[in-house]
Amino acid sequence: MTTRYTFGGDEHIFVECSEEMSLEAFFTGMSITTALRNAKIKGVTEICPANASFQVRFNPDIIAPDEMMRQLKALEAAAQSAPSTLNTRIIEVPVYYNDPWTHETGQRFRERHQDPTSTDIEYTARINNLDGIDGFIKAHSGAPWFVSMVGFVAGLPFLYQMVDRDRQIQSPKYLRPRTDTPRLTVGHGGCFACIYSVRGAGGYQMFGITPMPIYDPNQTTSYLRDFMCLFKPGDIVKWKPIGREEYDHTVAEVDAGRWQPRIAPVTFSLEEFAKDIDGTNARVMEALNGH
Amino acid sequence: MAINVLKPGLSTTVQDLGRPGYYHIGIPTSGGMDTLSLAAANLLVGNDAGAAVLEAVFMGPELEFTQDAMVAVTGADLPPKVDGQEQPCWTAFKVKKGQVLSFGFLKKGARGYIAVSGGIDVPVVLGSRSTYTLGALGGFEGRKLAAGDVLPVGKGAFVAEGRSVAEALRRAPGAPAELRMLPGLYWHRITEQAGKTFFEDTWKVAPEADRIGYRFKAGRPLDFVPRTPPFGAGSDPSNIVDACYPYGSVQVPSGTEPIVLHRDAVSGGGYMMIGTVVSADMDLIGQLQPHTPTKFVKVTMEQALTARADRRKTLEAIAKALA
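Predicted model, so just to flag it, every value in this text is computed and none were measured.

(A) The arrangement of the overall build of chain A in detail. Within chain A one finds eight helices and twelve strands. Relative to a compact globule of 291 residues, whose C-alpha radius of gyration would be 19 Å, chain A shows 20 Å and is just as compact. Along the longest, intermediate and shortest principal axes, the C-alpha atoms of chain A span 55 × 45 × 45 Å. Considering chain A as a whole, with its 291 residues, one finds that 46% of them fall into the buried category. Considering only contacts in chain A between residues 6 or more positions apart, those separated by 24 or more positions represent 64%.

Here it is in structure tokens:
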């Protein structure tokens with residue numbers, strides 16, 4: 001894994017921790033961006049962690065680009081000696097898999113899909129050698145996911161499943177992007193899951209929908225009053241499969257301002273994870289039960 | 001004081017100098033695409049350079065004033081009219097209570113900035129009044145203006161009528177438009193030959209050109225250096241593991257049509273970028289009409305910083321002349 005630094009014009013430095021996705025690359029990015037945030041360097045205006053890279057925006061009238069680059073590289077050296085431990089939180093996200101709304105949308109754009117005769121979830125189950133829709137739901141919701149990036153549009157999380165590479169669910173994006181995706185669709189492209197925070201265009205496979213809003217610019221949703229976006233990079237997500245009844249009930253509770261997501265603090269260690277993936281995941285998910 | 005929107009124009013939004021600080025959660029800076037013109041319009045009517053104005057694209061709105069105000073229109077050559085009487089651009093003029101501000105046909109440029117003394121006083125959201133339509137955030141109810149909207153206006157300072165910005169201080173794209181670009185990011189992914197043709201070719205602004213980004217076409221496609229796709233990137237040679245996109249970055253999906261991201265940028269995605277348009281030339285992109293011939297000009301960091309300093313000096317000269 002070699003870290004590559006490059007300027008994005010006169011206002012950005014783009015740092016690629018690794019060309020390929022891995023939890024190690026994500027962690028390298030998280031530790032350098034955390035160190036950078038704590039360093040409070042004058043002139044830094046935006047610090048954006050991404051999946052296997054990150055980006056810094058700075059004001060070159062306050063800090064010269066070469067000086068910004070020098071300070072960033074110094075932080076990388078310091079971050080490397082730090083333990084790969086993250087104090088974060090786990091959030092349970094209810095998902096109504098194989099729901100009627102993403103199904104209907106999928107049918108409308110079928111000619112843009114690799115396999116027009118099946119559905120997104122059936123297709124992805126098949127190419128990943130999973131046992132149909134039930135086998136897919138088990139694999140998808142059986143292990144937690146890291147929010148490895150928030151972006152594209154406001155509040156949209158990209159998620160990376162915390163399993164061995166050979167257990168990662170992978171699927172191509174649509175051949176041509178759709179012009180419509182229901183709000184709160186749980187999608188998948190490459191090795192990443194996402195939740196569409198707003199309705200709009202999209203190219204990811206659609207597997208289900210969550211009743212839980214994750215972006216609310218009006219901040220009327222009970223748990224989004226402090227801040228309009230729910231997710232931040234480093235959060236851990238556990239999908240909870242639900243049926244139609246619970247979906248409808250949750251939507252009603254959210255609308256009535258009574259619903260709260262289940263969230264618990266959790267510590268994650270990359271070393272512990274490398275030694276025992278399933279044991280670490282079980283411990284991380286267990287944290288939800290106390291809350 | 002308020003302004004009644006009689007006709008909204010094509011896509012008129014409230015914008016100021018933007019909302020930095022939230023790009024890491026996908027909320028872009030927004031703000032005027034041509035911020036130099038936006039600042040000039042404000043200074044003409046006695047506002048702070050960063051007050052909220054209306055950004056009108058291709059076609060002006062029709063606005064009824066409920067009180068006297070000073071107004072200035074900068075950026076595109078979009079001739080303002082007060083009760084049908086044409087007024088000069090880049091010049092402060094008075095609109096009296098009950099009068100209607102409308103616009104003639106666009107002659108040059110793409111975006112007009114309409115500043116009103118006191119500024120458009122919509123609520124400040126995350127530090128800015130700018131509209132981010134994709135996220136339904138800020139501005140007037142998070143969207144472009146519609147007929148029947150009533151825009152609140154702040155209390156203005158008194159300034160004299162007829163103040164104007166000297167022609168030499170108005171910046172506009174040339175013909176062809178030239179956008180200076182610093183190569184970098186994933187430049188190594190394209191072949192040496194592709195790197196040459198990219199700068200040689202004259203591109204044309206595609207119809208898909210908005211506040212998110214400007215697409216260009218008509219240049220030769222770019223060839224890629226062969227590779228084994230990295231895990232998680234995707235199979236197209238232009239794919240990368242989804243990453244952040246700098247403002248002004250030039251992505252080229254499948255090597256065919258470059259897209260320059262602007263103030264309402266999608267904050268990240270899975271396409272490689274070959275460089276970034278320098279900060280000083282972002283204003284110019286906001287004034288490009290579809291089909292405008294455009295060349296990308298390769299520059300060094302030193303040249304990018306000189307361009308930035310030149311732009312700042314222009315703004316300082318405008319501010320000094322109007323102080």
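(B) Representation of the overall build of chain B within the structure. Scanning chain B from terminus to terminus reveals four helices and 20 strands. Scaling as 2.2 N^0.38, a compact globule of 323 residues should have a C-alpha radius of gyration of about 20 Å, and chain B matches this with 20 Å. For the C-alpha atoms alone, the extent of chain B along its principal axes is close to 65 × 35 × 30 Å. Taking all 323 residues of chain B together, 54% fall into the buried category. Contacts in chain B between residues at least 24 apart in sequence constitute 77% of all its contacts with a sequence separation of at least 6.

(C) Structural context of the domain arrangement of chain B. All names here are of chain B. Here the domain parsing of chain B yields domain 1 (2-169) and domain 2 (177-312). Here domain 1 and domain 2 have C-alpha centroids that lie 29 Å from each other. In this assembly, 19 residues from domain 1 lie in contact with 13 residues from domain 2. If you list the elements that add at least two residues to the side of domain 1 that touches domain 2, you get helix 1 (35-44), strand 5 (69-77) and strand 10 (108-116). For the side of domain 1 that touches domain 2, the per-class residue count stands at eight nonpolar, nine polar and two charged.

(D) Broad picture of the packing of helix 4 (residues 120-127) of chain A against helix 5 (residues 132-142) of chain A. Residue and element names in this part refer to chain A. Where helix 4 meets helix 5, the axes come as close as 9 Å, and the angle between the chain directions of the two elements is 75°. What the angle tells us is that helix 4 and helix 5 run roughly perpendicular. Across from Ile 121, Glu 122, Thr 124 and Ala 125 in helix 4, the residues of helix 5 making contact are Gly 132, Ile 133, Gly 135 and Phe 136. The residue inventory of the contact of helix 4 with helix 5, partitioned by class, reads four nonpolar, three polar and one charged.

(E) Here's a closer look at the pairing of strand 18 (residues 268-271) of chain B. Residue and element names in this part refer to chain B. Going residue by residue along strand 18, you find Gly 268 and Gly 270 tucked away on one face and Gly 269 and Tyr 271 tucked away on the opposite face as well. Strand direction decides the pairing type here: strand 15 (residues 239-244) and strand 18, joined by three bridges, are antiparallel. Bridge pairing links Asn 239 to Tyr 271 in strand 18.

(F) Here's a closer look at the nonpolar core. Counting residues in hydrophobic clusters, the biggest one holds 169 residues, and the most contacted among them are Leu 159 of chain A together with Ala 41, Val 53, Val 71, Ile 114 and Ala 115 of chain B. Contact partners of Leu 159 of chain A, with chain neighbours within four places excluded, come to Trp 145, Phe 146, Val 147, Ser 148, Phe 192, Ala 193, Cys 194 and Val 237 of chain A.

(G) The arrangement of the packing of helix 1 of chain B against helix 4 (residues 301-322) of chain B in detail. Residue and element names in this part refer to chain B. The contact between helix 1 and helix 4 brings their axes to 10 Å, and the two run at 10°. Regarding the angle of helix 1 to helix 4, the classification is roughly parallel. On the side of helix 1, the interface is formed by Leu 36, Ala 39, Ala 40, Leu 43 and Leu 44, while helix 4 contributes Arg 311, Thr 314, Leu 315, Ile 318, Ala 319 and Leu 322. Of the residues belonging to the contact of helix 1 with helix 4, the class tally is nine nonpolar, one polar and one charged.

(H) Molecular detail of the domain arrangement of chain A. Residue and element names in this part refer to chain A. Domain boundaries in chain A define domain 1 (4-82) and domain 2 (87-290). Computed over C-alpha atoms only, the centres of domain 1 and domain 2 are separated by 28 Å. Listed by partner, the interface residues are eight residues for domain 1 and nine residues for domain 2. Tallied by class, residues from the side of domain 1 that touches domain 2 come to seven nonpolar, one polar and no charged.

(I) Here's a closer look at the sheet that holds strand 5 of chain B. All names here are of chain B. Taking strand neighbours across the sheet as the criterion, the five strands line up as 2-3-10-5-8 in an open arrangement whose pairing is antiparallel. This sheet does not close on itself; its edge strands, each paired only once, are strand 2 (12-15) and strand 8 (93-95). With strand direction ignored, the average angle separating the axes of adjacent strands in the sheet is 30°. Looking at chain direction, strand 5 and strand 8 are connected through three bridges and run antiparallel.

Cut-offs and rules
Residues numbered from 1 in each chain as written. Chains lettered and ligands numbered in written order. Predicted model: local features only at pLDDT ≥ 70, side-chain atom pairs only at ≥ 80, totals over all residues. Helix = DSSP H or I, 4+ residues; strand = E, 2+ residues; numbered from the N terminus. Rg over C-alpha atoms; globule rule 2.2 N^0.38 Å. Buried ≥ 20, exposed ≤ 12 C-beta atoms within 10 Å, placed from the backbone. Contact = placed C-beta atoms within 7 Å. Domains from an automatic or database assignment. Nonpolar A, V, L, I, M, F, W, Y, C, P; charged D, E, K, R; others polar. Axes fitted to C-alpha atoms, helices over the stretch in contact; angles between N-to-C directions. Parallel < 35°, antiparallel > 145°, perpendicular 65-115°, else oblique. Pairing = 2+ DSSP bridges. Core = buried A, V, L, I, M, F, W, Y, C linked by C-beta atoms within 7 Å.

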